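# Residue-level structural notes
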Amino acid sequence: MELTATCRCGQLAVRVSGEPLRVSVCHCHECQRRSGSAFAWQGRWNEDAVASAGDVASWRNTGTSGGAATFNFCPHCGSTLFYTNDSLPGQIAVAMGGFASQPQPAPHFSVYENRRQPWLAVNGDDVEHM
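These notes cover the structure that comes with them.

Once that is clear, we can look at the sheet that holds strand S10 (residues 109-111). Two orientations exist for strands paired in a sheet by backbone hydrogen bonds: parallel and antiparallel. Strand order in the open sheet formed by eight strands is S6-S7-S8-S9-S4-S3-S10-S11, and the pairing between neighbours is mixed. Among the strands making up the open sheet, the edge pair consists of strand S6 (57-62) and strand S11 (128-129). Strand direction decides the pairing type here: S6 and strand S7 (residues 68-73), joined by six bridges, are antiparallel. Considered in S7, the bridge of Asn61 is made with Ala69.

Structure follows, in structure tokens:
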């Protein structure tokens with residue numbers, strides 16, 4: 001599998017090769033704020049399977065759990081396209097929405113469900129609810 005994610009204006013792109021290590025949706029408040037939605041949907045790949053092109057800006061944040069992550073976004077349109085998490089060295093998470101019209105793998109994990117919006121359900125026989 002090869003997919004290319006882009007920001008809204010198209011100047012920042014991330015190309016991934018191979019199957020993702022994990023695809024998940026996260027309902028934590030940080031991901032809700034980052035995505036501007038009820039949850040964030042991301043896939044993780046080994047860093048050697050990910051290549052970015054274009055201008056990128058970064059913002060580092062330490063979450064309520066004490067873990068730190070670096071979020072990479074387009075300095076022109078502001079779209080967060082990929083991030084790294086210190087607790088997952090060697091892996092890069094890509095915002096699945098950046099792949100837009102391309103076929104995308106479904107999530108297998110739904111995390112921080114205690115913060116999930118009550119009107120939202122993540123369905124699928126093989127989804128692990130955490």
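Here Gly43 is to be found in strand S4 (residues 40-46). On a C-alpha basis, the gap between Gly43 and Arg115 in space is 20 Å, while along the polypeptide they are 72 residues apart. If near-sequence neighbours (up to four positions away) are discounted, Gly43 is found in contact with Arg22, Val23, Ile92, Ala93, Val94 and Met96.

This next bit is on the pattern of salt bridges. Scanning the model with the defined rule gives three salt bridges in all. Glu2 is the partner of Arg15 in a salt bridge, and the nearest nitrogen-oxygen pair spans 2.9 Å. On the criterion of sequence distance, the pair formed by Arg15 in strand S2 (residues 13-17) and Glu2 in strand S1 (residues 2-6) is long-range, its members being 13 residues apart. Here Arg15 falls in the partly exposed class, since its relative accessible area comes to 41%.

Our next topic: the packing of aromatic side chains. By the definition in use, this model includes three aromatic pairs. Within the aromatic cluster, the residues linked to one another by ring pairs are Trp59, Phe71 and Tyr83. A cation sits over an aromatic face here: Arg22 above Phe109, 3.9 Å from the ring centre.

What counts, and where the lines are drawn
Residues numbered from 1 in each chain as written. Predicted model: local features only at pLDDT ≥ 70, side-chain atom pairs only at ≥ 80, totals over all residues. Heavy atoms only, no water. Pairing = 2+ DSSP bridges. Helix = DSSP H or I, 4+ residues; strand = E, 2+ residues; numbered from the N terminus. Contact = heavy atoms within 4.5 Å. Salt bridge = Lys/Arg side-chain N within 4 Å of Asp/Glu carboxyl O. Buried < 20%, exposed > 50% of the residue type's maximum accessible area, 1.4 Å probe, protein only. Phe/Tyr/Trp six-rings, centres within 6.5 Å; stacked < 30°, edge-to-face > 60°. Lys NZ or Arg CZ within 6 Å of the ring centre and 35° of its normal.

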